[in-house]
Amino acid sequence: VTPPVTAAAADSADQILFGLSHYVTELGLKRSLVQADTAFMYDPTQSADLRVVKVTFFDDNGGIKSILTADQGTYQQQNGGMVATGNVVGTSPDGRTLHTSELKYDPNTRKISTDKHFTFDRSGDHLEGDGFTSDVDFQNVVVDHPRGAEGGSRLLPGQ
């Protein structure tokens, strides 16, 4: 006799939050504000699946370093790490703009990175590549396979 086959149900969220707004702090300093229209919280993995995401990164004085938006993301509650996916856009207060399909944030290094195609624009300069690593305010950027805009000026990191 063959035992019956059962299908395991997909994990369901332990909590569903609407209008999530969560400050991440370190030693009393506000480091980021994670916002999402909807958050599916999973207790066993201490993670959250976020929909319509906005993350604001702050400097030591509370000023905005950059703002990231994405269609969705996964946030790790234990360490503050995050992966944003779908129409990811990063902007800085001085007008630098990043576009990619996926972006990872590592809270230990306070760096963002991707191994996906990206574009980066600033004051008429345009840069593309197959991946990069940067601080959250796009000041120190290391690019994989950089390409400048055809006929345009070449954007170099830190300039």
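Residues numbered from 1 in each chain as written. Predicted model: local features only at pLDDT ≥ 70, side-chain atom pairs only at ≥ 80, totals over all residues. Heavy atoms only, no water.

## A word on the nonpolar core
Then, number 1: Ranked by size, the top nonpolar core spans 29 residues in total, and within it Leu50, Leu98, Ile112 and Phe132 carry the most contacts.
Then, number 2: Counting only elements with at least two residues in this core, the list comes to β1 (15-26), β2 (29-42), β3 (47-58), β4 (64-76), β5 (82-91), β6 (97-106), β8 (118-122) and β11 (141-144).
Then, number 3: By residue number, the principal contributor to this core is β3, which donates 5 residues.
Then, number 4: Each residue touching Leu98, except ones within four places of it in the same chain, is listed here: Val88, Val89, Gly90, Leu103, Ile112, Phe118, Thr119, Phe120, Phe132 and Phe138. (Core = buried A, V, L, I, M, F, W, Y, C linked by side-chain atoms within 4.5 Å. Buried < 20%, exposed > 50% of the residue type's maximum accessible area, 1.4 Å probe, protein only. Helix = DSSP H or I, 4+ residues; strand = E, 2+ residues; numbered from the N terminus. Contact = heavy atoms within 4.5 Å.)

## Overview of unusual backbone geometry
Then, number 1: Phi at Phe138 takes a positive value of approximately 60°, unusual for a residue other than glycine.
Then, number 2: The topology assignment puts Phe138 in the loop between β10 (131-135) and β11.
Then, number 3: Judged by relative accessible area, Phe138 falls into the buried class, the value being 5%.

## Notes on the pattern of salt bridges
Then, number 1: Here the structure, examined in full by the defined rule, presents 6 salt bridges.
Then, number 2: For the salt bridge of Arg96 with Asp94, the shortest nitrogen-to-oxygen distance reads 2.8 Å.
Then, number 3: With its nearest N and O atoms 3.4 Å apart, the salt bridge here joins Asp130 to Arg147. Of the two residues, Asp130 is situated in the loop between β9 (125-129) and β10 and Arg147 in strand β12 (residues 147-148); the sequence distance between them amounts to 17 residues.
Then, number 4: On the accessibility criterion, Asp130 (32% relative accessible area) is partly exposed.
Then, number 5: When salt bridges that share partners are traced, they join Glu26, Arg31, Asp60 and Arg110 into one network. (Salt bridge = Lys/Arg side-chain N within 4 Å of Asp/Glu carboxyl O.)

## Focus on the confidence of the model for the chain
Any segment with low pLDDT has predicted coordinates that should not be analysed in fine detail.
Then, number 1: With 86% of its residues at a pLDDT of 70 or more, the chain has an overall mean of 85.
Then, number 2: Across residues 5-10 the pLDDT falls below 50, and counting only partners more than four positions away or on other chains, this stretch makes 0 contacts in the model.
Then, number 3: Counting interchain partners and residues more than four positions distant, the pLDDT-below-50 stretch residues 150-159 has 14 contacts. (pLDDT = per-residue confidence, 0-100.)

## Concerning the side chain of Thr38
Then, number 1: Looking at the secondary structure, you find Thr38 in strand β2.
Then, number 2: Judged by relative accessible area, which is 15%, Thr38 ranks as buried.
Then, number 3: Residues contacting Thr38, with those up to four places away along its chain left out, are Ile16, Leu17, Phe18, Asp49, Leu50 and Arg51.

## Examining the pairing of β8
A regular strand places its side chains so that they alternate between the two faces of the sheet.
Then, number 1: The buried fraction of β8 is high, at 4 of 5 residues.
Then, number 2: In this structure, β6 lies alongside β8, joined through 4 bridges in antiparallel fashion. Following the sheet pairing, Thr97 is matched in β8 by Asp121.
Then, number 3: Across 5 bridges, the pairing between β8 and β9 is antiparallel. If you follow Phe120 over to β9, its bridge partner there is Leu127.
Then, number 4: Between β8 and β9, which pair antiparallel and follow one another directly, the connecting turn spans 2 residues, one of which, Ser123, has a positive phi of 45°. (Pairing = 2+ DSSP bridges.)

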